[in-house]
Structure formats: C-alpha cells, structure tokens
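Overview (structure and organization)
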Amino acid sequence: MPDIITLGEPLIQLNAVTPGPLRYVTYFEKHVAGAEANFAVAATRMGFSTGLITKVGDDEFGRDIIETLRARGVDVSHIAVEKDGYTGIYFIQRGYPVPGKSTSVYYRKGSAASHLSPLDVDPAYLRGAKHLHITGITPALSESCRETCMAAAKLAKQLGMKVSLDTNIRPKLWGSTDARSALLPLVSYADILFTDNDDTRTLVGSQGSSAAYALISKGPQIVVLKGGARGAAAYTKAGPIEEPGFKVGVVDPTGAGDAFAGIFVSGILKGWKLQDCLRAGNVAGSLVVTVRGDQENIPTEEDIKSFLEKYSGEGTGK
Ligand code: KDG
C-alpha cells in the first residue's frame, strides 16, 4: 500500500517552446502534469511510495500518463481507463502578457477524470496509507468530483490518515462563490492547508496572517501561505515561521506550488522542523520554474542538499 495517496486529474501539458501569444507559437513540448500527479512525483522523489486515484481516457494521452507516472515511481493501479472517455489536456502560454508568468488554457471539460465518483475511492487502497493529498482543482471539475473529494477526505480521517489540501483555486474552472462553498468544508478535514493570498481572499476575505489564523480556526494544524518567488510561511497556533525564496531564472512557474507541497509534506512525514520543510519546498519550487514541465526538475533529498550547499544567490536558470 502506498504511504501517500493523491486524488485528482492528471493532464497532458503542451508547453509553448517559445514565449509569447499562443497564436504565434509553432512548437509545443509535451509533458505529463496535473497538480496531484506533480505532488505524487515530488513525494516519490523524497523516497515515499505514492499512488494516484484518477481516471484517464482510453487514448494515447491516457496511456502516456500511465506509462510516465509508472516510470516516475507512482503506483498507477488505481488509475481507471474510461472506455470512450478522453484525457484532459492544456496548453501553456509563457511570458505573455506578463514576462515570467504563464497562462494555462484548458481542454478538459467532460474529461474522463471529471467523471470520478466516490465509488472510485477504494477503502482498501487507503487503509494502511499515511497521508491523503487533494487540491481545490478536483472539486471544480464536476459535482461528482466534489463529492469524491469529500468522501475521500472523510474516509481518510476515519482511517486515521493525515490530509493535506492545496486550495489551488482556478478562476477559469469556477467562480469564487462556488469555490468558497465547496472548499471550506474540505478545509475542515485538512491537517495541512496550502494556499496563497489570492485564494484566501476568496475563502475568508482577507490575506496574510489574519487569513491564516481564520483558516486555522476551521481545523488545520498548519496553514502554509505560498508566496512564489518571495518564499513561504507556515502558521500554527504557536505562531508563524517564514522562509525566503531563492533567486532563479524563471522559464515557466507552472507546477512550482505542487512540488513545494509534495516536498513539504514529505518533510513533515520525515519528522523535519517546519523551517526545514519550508526551505526544502522553496528549493523544489525554485528548480521547477527553471524548466518547461512540472515534474522533470523536482529534486530528490540529495538534490535539495546540493542546492543548499552550492546556491550562491546568482542563479539565472539559463
Ligand atoms: O499546478 C500546476 C497545475 O496547475 C498544472 O499542472 C495543471 O493541474 C493543473 C490544473 O488543473 O491547472
């Protein structure tokens, strides 16, 4: 049984090789991505066994996802292949209209993963696992996906597992009222909550420490506010702990938060101090943004040590 189980939609990412508006891009690089799959790969790099519960289409992209995740060490035994279903894809437009930022353009409505239902959460698979990770992307996909996340979180708690939730609100998938009403009940099941100021404004109408403590009052023991290149802060009832980010050249920031979360949770499961979890998570996020693709540059524990020994503050990522 895997140590860590994640649930959500893996996607094929078609990442623009050149920056600028997509209409002028000729070449795209194909990668396997999706927030929860990225998290699973990060935890695998840290030495944990992981598994992903999801559905893909009976198509070449679904087969790519299964083969790639298997090769990256993720257990794919609970990835169902939906006959006549299709696998979601998305394009990444880089560096336009804001240099250093990316935009996701989804083609995923009605995808196989959007048909996930609570019946896909096999109690025997969760039993024996230590940790469940979910994100705010999955409940945005469909009503049955929302129910699936609730059922998985509830079951995980009943089984004595720890639960982490990354709010990951995607305004392209739903409005703020729907996001708030679906995510706040999930927050109460989370032991560790990952979020950022944009999402906390939607969820609790504030940001920074007041938002973190408003969220802690709903259940989580740790609320991590991710600040991208600025770094991250972990809030507990004992107070905040902050860690600055690293200066690196940004090629594509997509996926940095998932790597951060996967490494952070791995650190917690290894019994690390919060400060060290934050620092390692920041290293992972910094490495991911220097390349196209969400998973390829996620570091191992050894890589994190080397980065911290050798980082001079002058990386360009080029
Ligand atoms: O965090 C990176 C993810 O956003 C990306 O891989 C695609 O899962 C994805 C999504 O739904 O945006």
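Relevant structure appears above.
Thresholds, definitions, all that
- Residues numbered from 1 in each chain as written.
- Predicted model: local features only at pLDDT ≥ 70, side-chain atom pairs only at ≥ 80, totals over all residues.
- Heavy atoms only, no water.
- Helix = DSSP H or I, 4+ residues; strand = E, 2+ residues; numbered from the N terminus.
- Buried < 20%, exposed > 50% of the residue type's maximum accessible area, 1.4 Å probe, protein only.
- Contact = heavy atoms within 4.5 Å.
- Areas by Shrake-Rupley, 256 points an atom, 1.4 Å probe, with all protein chains shown as cover.
- Lys, Arg positive; Asp, Glu negative; His and termini not counted.
- Charge placed at Lys NZ, Arg CZ, Asp CG, Glu CD.
- Pairing = 2+ DSSP bridges.
- Axes fitted to C-alpha atoms, helices over the stretch in contact; angles between N-to-C directions.
- Near = heavy atom within 4 Å.
- Polar contact = N/O pair within 3.5 Å; in protein donor to acceptor, adjacent residues only side chain to side chain.
- Core = buried A, V, L, I, M, F, W, Y, C linked by side-chain atoms within 4.5 Å.

Some words on the overall build of the chain
- Within the chain one finds ten helices and 14 strands.
- For the chain, with 318 residues in total, the buried portion stands at 54%.
- Contacts in the chain between residues at least 24 apart in sequence constitute 73% of all its contacts with a sequence separation of at least 6.
- Taken as a whole, the chain presents about 13200 Å² of accessible surface, with 53% of it coming from carbon and sulfur.
- With 34 positive and 34 negative side-chain charges, the chain shows a separation of 4 Å between the mean positions of the two kinds.

What about the pairing of strand β1 (residues 4-7)?
- Burial along β1 is two-sided: the face carrying I4 and T6 and the face carrying I5 and L7 are both buried.
- As paired strands, β1 and strand β4 (residues 50-57) are joined by four bridges and run parallel to one another. The residue bridging L7 from the neighbouring strand is I53, located in β4.
- In this sheet, strand β9 (residues 131-135) lies alongside β1 in parallel orientation, the contact comprising three bridges. Bridging across to β9, T6 finds its partner in H133.

What about the sheet that holds strand β3 (residues 28-33)?
- Spatially, β3-β2-β7-β8 is the arrangement adopted by the four strands of the open sheet, whose pairing is mixed. Looking at strand neighbours, the two that pair on one side only are β3 and β8 (102-107), the edges of this open sheet. Taken over all neighbouring pairs, the strand axes of this sheet differ in orientation by 25 degrees on average, direction set aside.
- Inspection of the sheet shows strand β7 (residues 89-94) paired to β8 by six bridges, in the antiparallel sense. Bridging across to β8, I92 finds its partner in S104.
- In the packing of helix α2 (residues 60-71) onto the sheet, contacts are made with β2 (11-16), β3 and β7, and the angle to β3 comes to roughly 60 degrees.

A closer look at the site of the ligand
- As a structural note, the neighbourhood of the ligand is formed by 14 residues, with Y106, R108, R170, D258 and D294 the closest of them.
- Residue R170 places a side-chain N or O atom 2.7 Å away from an oxygen atom belonging to the ligand.
- Between the ligand and D294 there is a distance of 2.6 Å, counted from an oxygen atom to a side-chain nitrogen or oxygen.

Looking at the nonpolar core
- In terms of nonpolar packing, the biggest core is built from 45 residues, with L69, F194, V224, I263 and F264 touching the most fellow members.
- Residue contacts for F194: discarding those within four places in its chain leaves H133, S164, L165, D166, T167, V224, K226, F260, A261, F264 and V265.
- Counting residues in hydrophobic clusters, the runner-up holds 38 residues, among them I134, C145, A153 and L165.

Any functional reading would require information beyond the geometric quantities listed.
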